[in-house]
Amino acid sequence: MPEYICPHCRSPINDDDALLCLYCGRNLNRKVGFMGSLKYPTPRVIIVIAVIIVLSAFTLLIMR
C-alpha cells in the first residue's frame, strides 16, 4: 500500500482515503477523481472546460 507524505508536517499517512493529516490535522488537498479536480481547480481545468463549452456551442450552432 503506497503511503502519502503530508506537505505540512512531512509525516507518512497510510490511509488512501484520508483528506486530513492524522498528525497535524491540516488539509492534504487530495484530488480524488474528476469531481476532486473541480474542487481544487487549476487554470488549466477551467480553460479546458471553457473550450469544450465553446466548441460544443459552436457545433450546435453550425448543425442548426
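Preceding this paragraph is the structure being described.
Now for a quick tour of the structure. From a predicted model like this one, the values you see are computed outputs, not experimental measurements. (Residues numbered from 1 in each chain as written. Predicted model: local features only at pLDDT ≥ 70, side-chain atom pairs only at ≥ 80, totals over all residues. Heavy atoms only, no water.)

1. A closer look at the overall build of the chain
For step 1, the next point in the chain: A count of helices and strands for the chain gives 2 helices and 2 strands.
For step 2, the next point in the chain: When the helices and strands of the chain are listed from N to C terminus, the series reads β-β-α-α.
For step 3, the next point in the chain: Burial statistics for the chain: of 64 residues in total, 14% are counted as buried.
For step 4, the next point in the chain: Partitioning the intrachain contacts of the chain with sequence separation of at least 6 by distance along the chain shows that 4% fall at a separation of at least 24.
For step 5, the next point in the chain: Surface exposure of the chain reaches about 5,400 Å², of which carbon and sulfur atoms provide 67%. (Helix = DSSP H or I, 4+ residues; strand = E, 2+ residues; numbered from the N terminus. Buried < 20%, exposed > 50% of the residue type's maximum accessible area, 1.4 Å probe, protein only. Contact = heavy atoms within 4.5 Å. Areas by Shrake-Rupley, 256 points an atom, 1.4 Å probe, with all protein chains shown as cover.)

2. Some details on unusual backbone geometry
For step 1, the next point in the chain: For arginine 10, which is not a glycine, the phi torsion comes out positive at approximately 60°.
For step 2, the next point in the chain: Residue position: arginine 10 is located in the loop between β1 (4-5) and β2 (12-13).

3. What to know about the nonpolar core
Taken as a class, soluble globular proteins show a tendency for nonpolar side chains to be buried jointly.
For step 1, the next point in the chain: Counting 5 residues, the largest nonpolar core consists of Cys6, Ile13, Ala18, Cys21 and Leu28.
For step 2, the next point in the chain: If near-sequence neighbours (up to four positions away) are discounted, leucine 28 is found in contact with Tyr4, Cys6, Pro7, Ile13, Ala18, Leu19, Leu20 and Cys21. (Core = buried A, V, L, I, M, F, W, Y, C linked by side-chain atoms within 4.5 Å.)

Just geometry here; none of it tells us what the structure is for.
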